[in-house]
Amino acid sequence: MRYDIDILAIGETWLDNSVLQHEIEIPEYSSIRRDRNRHGGGVLFYHKTILSCECIDLSSPNVECVWMKVECGKDMFIIGNVYRPPNSPPSFLDELLDLVEQALESCHNVVITGDLNYNVLSEKGSQQIKSIETMFRMKQIISSPTRVTKDSSSLLDVIITNVPEKMRHTVVCELALSDHFPIMSSYLTEKGTINNHNTVQFRDFRRFNEEAFLDEIYQEMLNLPVQSPVTVEMLHLIDTVYLWECFKNAFTGVSNRHAPLKSMRLKKRYAPWISHDIIELMYRRDYLHKKAIKEKTEISWTEYRNMRNAITQRIRIAKKITMIKSLENAKTTPKRCGKKLIIY
């Protein structure tokens, strides 16, 4: 699969707060997540760091979702990643409709994607999706099954939008990554200035003097517009928002003088352990998956599962070997060794 993905929406992440942010990081991407627990549910967005994306506060008790506003060039749209468990209460659809209405009040262009567990190929499932389409003049643009087993095929993963004319190259990718096929579409944006390079900002501590930094912070604290000491009776007279802004600006100013912000272009990262042989096996795996779907026999499904598991094991071994070799080559240079550890 050779797609340059700008935004990746994932459902059923099975994450909770015990999984730290750095554990799910992907180089050159930022993430926005809403977790449930380690036993099911959860939704997640990955987006390229060069994109201007902002998480927006749209939520409802019975709807697992995360929403994001995206600005690209002169264009702007809101995208929602929604997961509906099969055991959702009847109120789910009404609550989702309320969220869509709020999204449309914030932005003219809205895209909804995710696993809604409404089989669009069935009469009942299509009616549920039709209610969303009719109320907001939207259109569901996925037309092929997204979950195929030995005994059934269903269309559960959708893309619903009120700007279908902007959606191009919409496909269901028949890849054997899970029991659901990935779906993909391109959003056609108006031309604008695009930053083609991925950069990261960091603070330069090379000339940082901790004592001088703390002294200046102390002086700035003395200059804050509040009398000292503060008594309980005085608390209701203090504008805490204004005071916070004053402190934040002062602290940022001192930080910029002692540890100035720097920008650095990042190089593209890759997976050197994915060899040509492994790629060939991946093609073979996808072929066996299609064959199993077509033949619907236990023998063909077993053959596919065995190939899938063999590839997973081979990737793990290849990744381990690659890291060991890299560390061996870099062991005489500690800085290079550190870089290898960070990359892998």
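These notes cover the structure that comes with them. These figures come from a predicted structure and were not determined experimentally.

So, about the side chain of Ser 154. Among the structural elements, Ser 154 can be located in strand S10 (residues 153-154). Judged by its relative accessible area of 10%, Ser 154 is buried.

Read across the sheet, three strands follow the order S1-S3-S2 without closing on themselves; strand pairing throughout is antiparallel. Edge positions in the open sheet fall to strand S1 (7-11) and strand S2 (29-34), since each of these has one partner strand only. Strand after strand, the sheet turns through a mean of 15° between neighbouring axes, direction not considered. One ladder, built from five bridges, connects S1 with strand S3 (residues 43-48); its direction is antiparallel. Residue pairing in the sheet places Ile 7 in a bridge with His 47 of S3.

With that settled, the discussion passes to helix H3 (residues 210-222). Its 13 residues place the ends of H3 19 Å apart at the C-alpha level, agreeing with the 18 Å of an ideal helix rising 1.5 Å per residue. One side-chain oxygen of the residue at the start of H3 lies 3.1 Å from the amide nitrogen of Glu 211, identifying that residue as Asn 209.

Counting through the fold element by element, Ile 142 comes out in the loop between strand S8 (139-140) and strand S9 (147-148). A C-alpha to C-alpha distance of 7.9 Å links Ile 142 and Ile 183, two positions 41 residues apart in sequence. Contacts of Ile 142, omitting those with residues within four sequence positions, involve Leu 155, Asp 157, Val 158, Ile 159, Thr 170, Val 172 and Ile 183.

Overall, mixed pairing links the six strands, which are arranged S4-S5-S6-S7-S11-S8 in an open sheet. Both edges of this open sheet fall to strand S4 (52-56) and S8, since each of them pairs with a single strand only. Relative to strand S11 (residues 157-161), strand S7 (residues 110-115) runs antiparallel, the two sharing five bridges. Note on S11: the bridge partner recorded for Val 111 is Thr 161.

The rules we used
Residues numbered from 1 in each chain as written. Predicted model: local features only at pLDDT ≥ 70, side-chain atom pairs only at ≥ 80, totals over all residues. Heavy atoms only, no water. Helix = DSSP H or I, 4+ residues; strand = E, 2+ residues; numbered from the N terminus. Buried < 20%, exposed > 50% of the residue type's maximum accessible area, 1.4 Å probe, protein only. Pairing = 2+ DSSP bridges. Axes fitted to C-alpha atoms, helices over the stretch in contact; angles between N-to-C directions. Expected span 1.5 Å × (residues − 1). Polar contact = N/O pair within 3.5 Å; in protein donor to acceptor, adjacent residues only side chain to side chain. Contact = heavy atoms within 4.5 Å.

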